[in-house]
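Structural features, examined
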Amino acid sequence: MTTRTQVAIVGAGPAGLLLGQLLSRAGIANVILERQSADYVLGRIRAGVLEQVTVDLMEECGVAQRMHREGLVHEGIELLFKGQRHRIDLPGLTGGKTVTVYGQTEVTRDLMAARAAAGLQTVYEVGDSVTLHDFDGASPRVRYRKDGQEHEIACDFIAGCDGFHGVSRASVPKGAIAEYEKVYPFGWLGLLADVPPVFHELIYANTGRGFALCSMRSPTRSRYYLQVPLEEKVDQWSDAAFWDELRRRLDPEARERLVTGPALEKSIAPLRSFVAEPMRFGRLFLAGDAAHIVPPTGAKGLNLATSDVKYLSSALIEFYGERSSAGLDHYSDRALRRIWKAERFSWWFTGLMHQFPGEGPIAQKLQEAELDYLVNSKAASTALAENYVGLPL
Ligand code: RFL
Ligand code: PHB
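Quick notes on the rules
Residues numbered from 1 in each chain as written. Chains lettered and ligands numbered in written order. Predicted model: local features only at pLDDT ≥ 70, side-chain atom pairs only at ≥ 80, totals over all residues. Heavy atoms only, no water. Helix = DSSP H or I, 4+ residues; strand = E, 2+ residues; numbered from the N terminus. Rg over C-alpha atoms; globule rule 2.2 N^0.38 Å. Buried < 20%, exposed > 50% of the residue type's maximum accessible area, 1.4 Å probe, protein only. Areas by Shrake-Rupley, 256 points an atom, 1.4 Å probe, with all protein chains shown as cover. Axes fitted to C-alpha atoms, helices over the stretch in contact; angles between N-to-C directions. Parallel < 35°, antiparallel > 145°, perpendicular 65-115°, else oblique. Left-handed = near helix turned anticlockwise from the far one by under 90°. Contact = heavy atoms within 4.5 Å. Nonpolar A, V, L, I, M, F, W, Y, C, P; charged D, E, K, R; others polar. Near = heavy atom within 4 Å. Polar contact = N/O pair within 3.5 Å; in protein donor to acceptor, adjacent residues only side chain to side chain. Salt bridge = Lys/Arg side-chain N within 4 Å of Asp/Glu carboxyl O. Expected span 1.5 Å × (residues − 1). Pairing = 2+ DSSP bridges.

**Focus on the overall build of the chain**
Along the chain, the regular secondary structure elements total 13 helices and 21 strands. At 21 Å, the chain has a C-alpha radius of gyration in line with the 21 Å of a compact globule built from 393 residues. Taking the principal axes of its C-alpha atoms as reference, the chain extends roughly 65 × 40 × 40 Å. Across the 393 residues of the chain, 56% fall into the buried class. For the chain, the exposed area adds up to about 16600 Å²; of that, 51% sits on carbon and sulfur atoms.

**A word on the packing of helix 10 (residues 301-322) against helix 11 (residues 326-353)**
Helix-helix packing is described using two parameters, namely the angle between the two axes and the distance between the axes. The contact between helix 10 and helix 11 brings their axes to 9 Å, and the two run at 165°. Classed by the angle they form, the pair helix 10 and helix 11 counts as roughly antiparallel. As for how helix 10 packs across helix 11, the hand of that crossing is right-handed. For the pair formed by helix 10 and helix 11, the contact residues are N303, L304, S307, D308, Y311, L312, A315, L316, E318 and F319 on the first element and A326, G327, L328, Y331, R334, A335, R338, I339 and A342 on the second. Within the contact of helix 10 with helix 11, the residues separate by chemical class into twelve nonpolar, three polar and four charged.

**Description of the site of ligand 2**
Not every one of the 14 residues close to ligand 2 is listed here, only the nearest: Y204, S215, R217, Y225 and P296. P296 places a main-chain nitrogen or oxygen 2.8 Å from an oxygen atom of ligand 2. Taking T297, its main chain carries an N or O atom lying 3.2 Å from an oxygen atom of ligand 2. Here ligand 2, which alone exposes 280 Å², has 97% of that area covered by the protein. Among the elements of the structure, strand 15 (202-205), strand 16 (212-218) and strand 17 (221-229) are those that each provide at least two residues to the shell around ligand 2. Broken down by element, the residue count for the shell around ligand 2 peaks at three residues, all from strand 16. Looking at side-chain class alone, the shell around ligand 2 contains eight nonpolar, three polar and three charged residues.

**With respect to the site of ligand 1**
Around ligand 1, a shell composed of 32 residues is seen, among which E34, R44, Q104, D289 and L302 lie nearest. A15 places a polar main-chain atom, nitrogen or oxygen, 2.9 Å from an oxygen atom of ligand 1. D289 is positioned such that a nitrogen or oxygen atom in its side chain is 2.7 Å from an oxygen atom of ligand 1. For ligand 1, whose unbound accessible area comes to 1100 Å², protein coverage reaches 89%. For the shell around ligand 1, the elements supplying multiple residues, two or more each, are helix 1 (14-25) and helix 10.

**Concerning the side chain of S346**
Along the chain, S346 falls in helix 11. Residues in contact with S346, not counting those within four places in the same chain, are V294, P295, G298 and K300.

**As for the pattern of salt bridges**
Following the criterion strictly, the structure yields 26 salt bridges and no others. A salt bridge links D251 to R85; its shortest N-O distance comes to 2.9 Å. One end of the pair, D251, is in the loop between helix 8 (239-248) and helix 9 (252-257); the other, R85, is in strand 7 (residues 84-89), with 166 residues separating them in the sequence. With a relative accessible area of 6%, D251 lands in the buried category. E150 is paired through a salt bridge with R145; the nearest N and O atoms lie 2.9 Å apart. Given the relative accessible area of 49%, E150 is considered partly exposed.

**Notes on helix 13 (residues 378-389)**
With twelve residues, helix 13 extends 16 Å between its outermost C-alpha atoms, agreeing within 8% with the 16 Å of an ideal straight helix rising 1.5 Å per residue. All of the buried residues in helix 13 are A380, S381, L384, A385, N387, Y388 and V389. Capping the start of helix 13, S377 holds a side-chain oxygen 3.3 Å from the backbone nitrogen of A379, two or three residues further along.

**Quick look at the pairing of strand 6 (residues 76-81)**
Most of strand 6 is tucked away: six of the six residues are buried. Sheet topology note: the strand 6/strand 7 ladder contains six bridges and is antiparallel. Opposite G76, over in strand 7, you have D89 as the bridge partner. Two successive antiparallel strands, strand 6 and strand 7, enclose a turn made up of two residues, where K82 displays a positive phi of approximately 45°. Pairing geometry for strand 6 and strand 15, over four bridges, is parallel.

None of this, on its own, says anything about what the molecule does.
Printed below as a string of structure tokens:
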């Protein structure tokens, strides 16, 4: 069966759902195809920190009420090194800017609820059946299989919002895409637990035993991460072993205050820097993790997905409203300028905070010297703060 829409969106992560919402509000018809079930998408524990750009976009989508009620506005982060914590005052260094701690799961849940309430179409559980056709011409099509039935969507544009392992980028002819990649020699072991956070702000810790991060989802739910070797498996880590190792990487006060409890979720994420250029191939546009990955140290991944969507939705709205393709023609260059700066920041902050195997004790000393400079130089801490809260669109 063939149906028609204006924009076919592949992927119902934050990028796809935000794009769908912004387009629908502008009267542009769209369908979202998602490999997994809605519950599976909501079960993935990922980002926790929203830049103002993302908060603003949630408002523009009309889905910001719960985020404003339950989200935690953070005015600082703590850098822990040589056993001591140092605060970075975000608004003081950036002319009043803050970040909001509100889980990606909740962002996704709010967007899914708004989409369902507006009666907009999301086709879940299409598995690996999606294929993209004719996006180098004027009439692209997307095919998929659902419940044993073949479907085809004829559309004006395809938005590839299907993450790093999605089908969209993989459908582009090899020579048409340049890929830049760095894989880091360690991963993050994350643990979610219903215990009060060790501190009311995030703690980023540089230690001789490796990086640690103390984050949260609410005043009663904590999210912690430990740098672990790449080859480590999550079942090698009992909850007790995790808490033990985290304690060792904290300062004495935090160690004392840490409240432990059973893990609700535990997983290992690899760290990668990746950019695909350009982000447009004819009538196929990539957005979010489909086009780029950052290591999570800078908390930029979800926020980059939202800035891509802001640029792409504006360009599509301009196309349908004014019949101008200027915005679409500039989309890739415009998005990549912001992406490369976030890639640089995330790479730099990862390098500053982690232990790199084989680099020897001088690396630790140099990191400590840079951190000492960073927290004592207004210029250096301003550079950190303005990147952390997010560069302007
Ligand atoms: P997603 O969220 O991966 O969504 C893509 C969706 O596409 C679906 N899909 C397909 N659908 C149909 N057909 C196919 N062939 C498909 N292939 C895939 C997938 O099932 C999925 O539902 O990408 P999107 O929307 O671009 O969003 C990107 C963000 O999810 C990601 O950048 C962030 O989670 C990164 N990230 C963080 N970002 C932040 O801004 N702040 C943070 O604090 C932060 N912390 C993190 C993070 C990522 C982490 N991990 C696990 C990688 C912490 C961690 C540990
Ligand atoms: C998180 O809470 O999951 C989180 C917070 C900050 C980061 C990365 C992840 O830099």
